[in-house]
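# Coordinate analysis (summary)
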Amino acid sequence: ICNSLGAMMRYSLKPQKTVLVSDEINQIKNYLFIIHKRFEQLFSYDIQVDDEHLLSCSAVKLMLQPFVENSIRHGFADRTKDGFISISVSRKEDM
C-alpha cells in the first residue's frame, strides 16, 4: 500500500499537464489497489487495453481517477459486496 501511495503522490506532483495513457493506467492501478485493500469485498476490477499502441498516446493527467473514484463512491453506495469496475482502453473507428 505504501508503494502505491508513494507512486500516486509522485505522479500527482509531476508538472506535466499531459502524460501517456500508460501513466494514467498505472495511476489507476495504484488507486484501485489501495481502495480494493480497504474495501476487499466491495468490488473487483479489470483493466483491458485493446491495442498496446494506445498506451503511448497522450492523455490529460489525472483524467481517469475522478471517474473511477465516483464509480466507487456513488455506484457502490448501496452495496456491501460483489461490485465490478471494468476499464477498457480502445480506439473508436471514426477517430
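Rules of the game
- Residue positions are counted from 1 within each chain, in the order its sequence is given.
- Per-residue local features are limited, in this predicted model, to residues with pLDDT of at least 70; the limit for side-chain atom pairs, both in listing and counting, is 80 or more; totals at the level of whole chains, interfaces and linings are taken over all residues.
- Derived side-chain values reflect all non-hydrogen atoms in the structure, with water molecules and hydrogen atoms excluded from consideration.
- Two rings belonging to Phe, Tyr or Trp (six-membered ring only in the last case) form a pair when the distance between their centres is within 6.5 Å. Interplanar angles under 30 degrees mark stacking, angles over 60 mark edge-to-face geometry, and anything in between is tilted.
- For the exposure calls, accessible area comes from a 1.4 Å probe over protein chains only, and a residue counts as buried if that area is under 20% of its type's maximum, exposed if over 50%, partly exposed in between.
- The predictor's confidence in any single residue is recorded as pLDDT, a number from 0 to 100.
- Secondary structure elements are defined from DSSP: runs of H or I of at least 4 residues count as helices, runs of E of at least 2 residues count as strands, and each element is numbered from the N terminus.
- Multiplying 1.5 Å by the helix residue count minus one yields the expected span of that helix.
- To be clear, the arc concerns the directions from the helix axis to the C-beta atoms.
- Any two residues whose heavy atoms approach within 4.5 Å are treated as being in contact.
- Only buried Ala, Val, Leu, Ile, Met, Phe, Trp, Tyr and Cys residues count toward a nonpolar core, and they belong to the same one when joined by side-chain atoms within 4.5 Å.

## Quick word on the packing of aromatic side chains
Using the criterion set out here, one finds two aromatic pairs in the structure. Arranged with centres 6.3 Å apart and planes meeting at 40°, the rings of phenylalanine 43 and tyrosine 45 form a pair that is tilted. Phenylalanine 43 sits in the buried class, given a relative accessible area of 2%. Overall, tyrosine 45 belongs to the partly exposed group, its relative accessible area being 30%. A ring pair is formed by phenylalanine 43 and phenylalanine 76, whose centres lie 5.9 Å apart and whose planes are at 20°; its orientation type is stacked.

## Let's talk about the confidence of the model for the chain
Looking at the chain as a whole, its pLDDT mean stands at 93, while 99% of the residues score no less than 70. Element-level mean pLDDT values for the chain span from 93 in helix α3 (residues 65-73) up to 97 in strand β1 (residues 18-20).

## A closer look at helix α1 (residues 2-13)
Look at α1: 17 Å from first C-alpha to last across 12 residues, which is about the 16 Å you get at 1.5 Å a residue. All of the buried residues along α1 are Ser4, Met8 and Tyr11. Projection of α1 onto a plane perpendicular to its axis shows the buried side chains occupying an angular sector of 65°, all on one side. Exposed side of α1, more than 90 degrees from the buried face: Cys2, Asn3, Arg10 and Leu13 are the residues found there. For α1, the elements touching its buried residues are β1 and α2 (21-38).

## Focus on the nonpolar core
Among soluble globular proteins, nonpolar side chains are generally buried collectively. Counting residues in each nonpolar core, the largest one holds 20 residues, and the members touching the most others are Leu32, Phe43, Val68, Ile72, Ile85 and Ile87. Counting residues per element, the ones that place at least two in this core are α2, β2 (43-49), α3 and β4 (83-89). The leading source of residues in this core is α2, at seven residues. Residue contacts for valine 68: discarding those within four places in its chain leaves Ile28, Tyr31, Leu32 and Ile87.

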